[in-house]
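Letter by letter, the chains look like this.
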Amino acid sequence: MTKRIIGLTGGIATGKTTVANYLASAYNLPILDADIYARDAVSVGSPILSAIAQRYGAEILLPDGNLNRQKLGEIIFTHPDERHWVENLIHPYVGDRFFTAIAESSAPTLVLVIPLLFEAQMTHLVTEIWVVCCSESQQLQRLIHRNHLTKEQAGARIKSQMPITEKVAHADIVLDNSHTLEVLLRQIDAAINKSNEK
């Protein structure tokens, strides 16, 4: 039997975590998260963290040796070339981790949460693409509130990703998260059952 592999993506702060948590709790689906693998990629002592420290100096590290994410964010969200350099280190590691996890899983359906599914060219890992979207003004407000960012910082993070309209154009399923939670959950239920009927 072919595995059903849902690639869950969308813009930053559009509600991917809400969708993933619901799929895990309501449908008991295994969730594989790119952000967790990306954190592992820069764990203390990793070759990727060493390369980052070599490029940006010791001040990119916290006193305990961990990556100073805030400082790195300031660099990569204002310098696209630096963002690409960092992503080119991390994306292959994340892709390998997904590939291994998919191969080792016996679950018939898996959910891969990959914020940069298109940008990191990982669409080949999934059998269907779900894009979570909302209006840009909602996205901006949610990001400012969640990450305690200024409007400019939040805007830079949104602009660093592929426009949400492009992601929607490549989606098999579009989940509109611009209304209530109840409306979003109904869309998720419909999406899960729609593919089960095939």
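Treat the numbers as computed from the prediction; the structure is a model and nothing was measured.

## Focus on the overall build of the protein
Here comes step 1: Looking only at helices and strands, the protein has nine helices and five strands in total.
Here comes step 2: The order of helices and strands in the protein, counted from the N terminus, is β-α-β-α-α-α-α-β-β-α-α-α-β-α.
Here comes step 3: The C-alpha radius of gyration of the protein comes to 17 Å, within 12% of the 16 Å expected for a compact globule of 198 residues.
Here comes step 4: Principal axes of the C-alpha set define a box for the protein whose edges measure 55 × 40 × 25 Å.
Here comes step 5: With 198 residues in all, the protein has 45% of them scored as buried.
Here comes step 6: Sequence-distant contacts in the protein: of pairs separated by 6 or more residues, those separated by 24 or more amount to 71%.
Here comes step 7: With an accessible surface of roughly 10,700 Å², the protein has 54% of that area assigned to carbon and sulfur atoms.
Here comes step 8: Both charge centroids of the protein, one from 18 positive and one from 21 negative side chains, sit 2 Å from each other.

## Digging into the pairing of strand β5 (residues 173-176)
Each regular strand displays side chains that alternate between the two surfaces of the sheet.
Here comes step 1: Where burial is concerned, the two faces of β5 differ: the one with Ile 173 and Leu 175 is buried and the one with Val 174 and Asp 176 is not.
Here comes step 2: Pairing analysis gives four bridges linking strand β4 (residues 128-133) to β5, with the strands arranged parallel. In the strand pairing of β5, Trp 130 is matched with Ile 173.

## What to know about the pairing of strand β1 (residues 4-10)
Here comes step 1: Of all the seven residues making up β1, seven are buried; the element is thus mostly covered by neighbouring parts of the structure.
Here comes step 2: Neither face of β1 is left uncovered, since the one carrying Arg 4, Ile 6, Leu 8 and Gly 10 and the one carrying Ile 5, Gly 7 and Thr 9 both have all their residues buried.
Here comes step 3: As defined by bridge partners, β1 adjoins strand β3 (residues 109-113) across five bridges and the pair is classed as parallel. When the bridges of β3 are listed, Leu 8 appears paired with Val 113.
Here comes step 4: As paired elements, β1 and β4 share five bridges and run parallel to each other. Across the sheet, residue Leu 8 finds its bridge partner in β4, namely Trp 130.

## Some points on the packing of helix α2 (residues 34-41) against helix α5 (residues 80-104)
Here comes step 1: Contact geometry of α2 with α5 gives a least axis separation of 9 Å together with a crossing angle of 120°. Regarding the angle of α2 to α5, the classification is oblique. In this structure, α2 crosses over α5, and the sense of that crossing is right-handed. On the side of α2, the interface is formed by Ala 34, Tyr 37, Ala 38, Asp 40 and Ala 41, while α5 contributes Ile 90, Tyr 93, Val 94, Arg 97, Phe 98 and Ala 101.
Here comes step 2: Of the residues in the contact of α2 with α5, the class split is nine nonpolar, no polar and two charged.

## Overview of the layout of surface pockets
Here comes step 1: Empty space within the largest pocket amounts to approximately 1,600 Å³.
Here comes step 2: Every residue lining the largest pocket is counted, 50 residues in all, and those nearest its centre are Ile 12, Asp 35, Phe 77, Pro 115 and Arg 146.
Here comes step 3: Of all the secondary-structure elements, those providing two or more residues to the lining of the largest pocket are α1 (16-27), β2 (31-33), α2, α4 (69-76), α5, α6 (136-147) and α7 (151-159).
Here comes step 4: A per-element tally of the lining of the largest pocket places α5 first, with seven residues.
Here comes step 5: As a volume, the second largest pocket reaches approximately 180 Å³.
Here comes step 6: Listed by contribution, the elements that provide at least two residues to the lining of the second largest pocket are α6, α7 and α8 (164-169).
Here comes step 7: Grouping the constituent residues of the lining of the second largest pocket by class yields five nonpolar, five polar and two charged.

Conventions and cut-offs
- Residues numbered from 1 in each chain as written.
- Predicted model: local features only at pLDDT ≥ 70, side-chain atom pairs only at ≥ 80, totals over all residues.
- Heavy atoms only, no water.
- Helix = DSSP H or I, 4+ residues; strand = E, 2+ residues; numbered from the N terminus.
- Rg over C-alpha atoms; globule rule 2.2 N^0.38 Å.
- Buried < 20%, exposed > 50% of the residue type's maximum accessible area, 1.4 Å probe, protein only.
- Contact = heavy atoms within 4.5 Å.
- Areas by Shrake-Rupley, 256 points an atom, 1.4 Å probe, with all protein chains shown as cover.
- Lys, Arg positive; Asp, Glu negative; His and termini not counted.
- Charge placed at Lys NZ, Arg CZ, Asp CG, Glu CD.
- Pairing = 2+ DSSP bridges.
- Axes fitted to C-alpha atoms, helices over the stretch in contact; angles between N-to-C directions.
- Parallel < 35°, antiparallel > 145°, perpendicular 65-115°, else oblique.
- Left-handed = near helix turned anticlockwise from the far one by under 90°.
- Nonpolar A, V, L, I, M, F, W, Y, C, P; charged D, E, K, R; others polar.
- 1 Å grid on protein atoms, 1.4 Å probe; cavity = no way out; pocket = protein on both sides within 12 Å on 5 of 7 lines; lining within 4 Å.
- Points joined across faces, edges and corners; volume = space filled by probe spheres on them.

Everything listed is a geometric property; what it means functionally is a separate question.
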